[in-house]
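Residues per chain are reported as follows:
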Number of protein chains: 2
Amino acid sequence: MKLYDLELSGNCYKVRLFASLAGIPLDIEAVDFLDGEHKRPPLIELNLWGEIPILVDGKVVLRDSQAILVYLATRYEKEAWLPRDPAQMAEVVQWLSTAANEVQNGPNAARLVDKFGYAIDKADTLHRSAHILPLIDTHLSRHHWLALDRPTIAECAVFPYVALAPEGGVSLEPYPHIRQWINRIKELPDFLPMPGV
Amino acid sequence: MKLYDLELSGNCYKVRLFASLAGIPLDIEAVDFLDGEHKRPPLIELNLWGEIPILVDGKVVLRDSQAILVYLATRYEKEAWLPRDPAQMAEVVQWLSTAANEVQNGPNAARLVDKFGYAIDKADTLHRSAHILPLIDTHLSRHHWLALDRPTIAECAVFPYVALAPEGGVSLEPYPHIRQWINRIKELPDFLPMPGV
């Protein structure tokens, strides 16, 4: 099973992190992102979106980091990380949406501006960060983990760009419950770091 | 099972549409959105995000339209709409992310500006629409349905705000495959319309 990967991508890191925490073997293939390898064949034929990560497992080709987490958790029967119970599964999926939307367009986008020079409206990314981070912090003031009574793939989806927020000029100082949650994740067995985390 | 609902919300319509297509009974409770009913108790206690839809099924309370689709499909064992097979489930989940991110911040956000006067950067919404709609159109030039060989909850998640795009000044004229797909969905048994679709 091959992961087309960029070390500095939080979306790729979501997958590496979960694979490490859950003990799933991955064959990591580094993509030459600066040279645009993901924008031309053969990678563009694997992912029309022109983005990474891409997971290839035989005939299965997946382009979205949240979907890759769901695939790995179900393929390797890691029910602790993504339960089959409808209510518990839906609790986890709520946070996959939060990762794909609010976190992606908030802290992640702020970091894309500051660290990689993307032409994105920085004020908008800060506005979105100032909307979502207090909601997550309030939620974590009442819950130890995002979705259930233990870490799930919700953590793997949301943690990377929240933990990397300071690289986009978004301080986590006002969010004590987020900072405690980050520390809890870092203390998990087989936690895997990335640069900036 | 109660759905806190707004008729003009595409996110609420995702749930109503799926419930109709899959034959799932829902108790619809209209929310007084203009009066901000969703921003104060008791609804804010059900959803800290201050948004609708909200689904309440006994002790289960869900706030995200994609998660609600997953819940209904698994709770009512509608495997045709969300398979348990890891690869097929992940194919569907890819499109839940697309709905939560690119469609939400593209065509949906454009409509929020034009139809409801939201203070969102209209140019940004058009830029995002012009990014995602060609990708969906190209995908649909090769596939009859988004994720599998039949309609799934991916259709219910992506269809509403794509079909409503003209209400945000985003023409679907350049996207013939999307228009054909919209027609296919409208011809499904027990299809449910909403104003503007």
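Rules and cut-offs
Residue positions within a chain follow its written sequence, with the count starting from 1. To label them, take the chains in the order written and letter them from A, then take the ligands in the order written and number them from 1. Per-residue local features are limited, in this predicted model, to residues with pLDDT of at least 70; the limit for side-chain atom pairs, both in listing and counting, is 80 or more; totals at the level of whole chains, interfaces and linings are taken over all residues. Heavy atoms throughout the structure, all of them, feed into the side-chain values; hydrogens and water do not. To obtain an axis, a line is fitted to C-alpha atoms, over the contacting stretch when the element is a helix, and the angle between two such axes runs from 0 to 180 degrees between their N-to-C directions. In this text, helices come from DSSP runs of H or I with a minimum length of four residues, and strands from runs of E with a minimum of two, each type numbered from the N-terminal end. Roughly parallel means an angle under 35 degrees; roughly antiparallel, over 145; roughly perpendicular, 65 to 115; everything else is oblique. For any helix crossing, the convention is left-handed if the near helix is rotated counterclockwise from the far helix by under a right angle, and right-handed if that rotation is clockwise. Residue contacts follow a heavy-atom distance rule, with two residues in contact if any of their heavy atoms lie within 4.5 Å. Throughout, the ten residues Ala, Val, Leu, Ile, Met, Phe, Trp, Tyr, Cys and Pro are labelled nonpolar, Asp, Glu, Lys and Arg are labelled charged, and all others, Gly among them, are labelled polar. Least-squares superposition aligns the copies on the C-alpha atoms of those residues with pLDDT at or above 70 in both. Note on definitions: buried area is the accessible-area loss of two parts on being combined, 1.4 Å probe, summed for both. Counted as salt bridges are all cases of a side-chain nitrogen of Lys or Arg within 4 Å of a carboxyl oxygen of Asp or Glu. Whenever two N or O atoms come within 3.5 Å, that pair is a polar contact, provided that in protein one can donate a hydrogen and the other can accept it, and provided that, for residues adjacent in sequence, both atoms are side-chain atoms. Domain delimitation in this document rests on an assignment produced automatically or drawn from a domain database.

(A) Molecular detail of the packing of helix 1 (residues 10–22) of chain A against helix 6 (residues 153–163) of chain A. Residues and elements named next belong to chain A. Where helix 1 contacts helix 6, the two axes come as close as 9 Å, and the packing angle between them is 140°. By the criterion of interaxial angle, the relationship of helix 1 to helix 6 is oblique. In the crossing of helix 1 with helix 6, the sense of the turn from one axis to the other is right-handed. Across the interface between the two elements, Gly10, Asn11, Tyr13, Lys14, Leu17, Phe18 and Leu21 of helix 1 pack against Ile153, Cys156, Ala157, Phe159, Pro160 and Tyr161 of helix 6. Here the residues of the contact of helix 1 with helix 6 sort into 10 nonpolar, 2 polar and 1 charged.

(B) Broad picture of the relation of the copies chain A and chain B. Of the transformation superimposing chain A on chain B, the axial component is 0.0 Å and the angular component is 180°, with the fit at an RMSD of 0.0 Å. Within this description, the copies of the chain are treated as partners about a two-fold rotation axis. When C-alpha positions in chain A are compared against the rotation axis, the closest is assigned to Asn101 of chain A, at 2.3 Å. A share of 100% of the interface residues of chain A reappears at the interface of chain B, consistent with the copies meeting face to face through the same patch.

(C) The arrangement of the interface of chain A and chain B in detail. Contact with chain A, which involves 34 residues of that partner, is made by 34 residues of chain B. Summed over the three residues of chain A that lose the most area to chain B, namely Leu48, Trp49 and Gln94 of chain A, the buried surface amounts to 20% of that side. Seen at the junction of chain A and chain B, the total is 0 salt bridges. Inspection of the region where chain A meets chain B yields 14 residue pairs in polar contact (both at pLDDT 80 or more). For the side of chain A that touches chain B, the secondary structure elements donating two or more residues are strand 4 (60–62), helix 3 (65–75), helix 4 (86–116) and helix 5 (122–142) of chain A. Sorting elements by how many residues they give to the side of chain A that touches chain B places helix 4 of chain A first, with 15 residues.

(D) Up close: the domain arrangement of chain A. Residue and element names in this part refer to chain A. When its domains are assigned, chain A resolves into domain 1 (2–75) and domain 2 (86–186). With centres defined by C-alpha atoms, the gap from domain 1 to domain 2 works out at 20 Å. Contacts between the two partners involve 14 residues from domain 1, matched on the other side by 14 residues from domain 2. In total, about 1,200 Å² of surface goes out of reach between domain 1 and domain 2, with carbon and sulfur atoms giving 73% of it. Of all the secondary-structure elements, those providing two or more residues to the side of domain 1 that touches domain 2 are helix 1 and helix 3. Of all the elements, helix 1 adds the most residues to the side of domain 1 that touches domain 2, at 7 residues. Residues belonging to the side of domain 1 that touches domain 2 are distributed by class as follows: 9 nonpolar, 4 polar and 1 charged.

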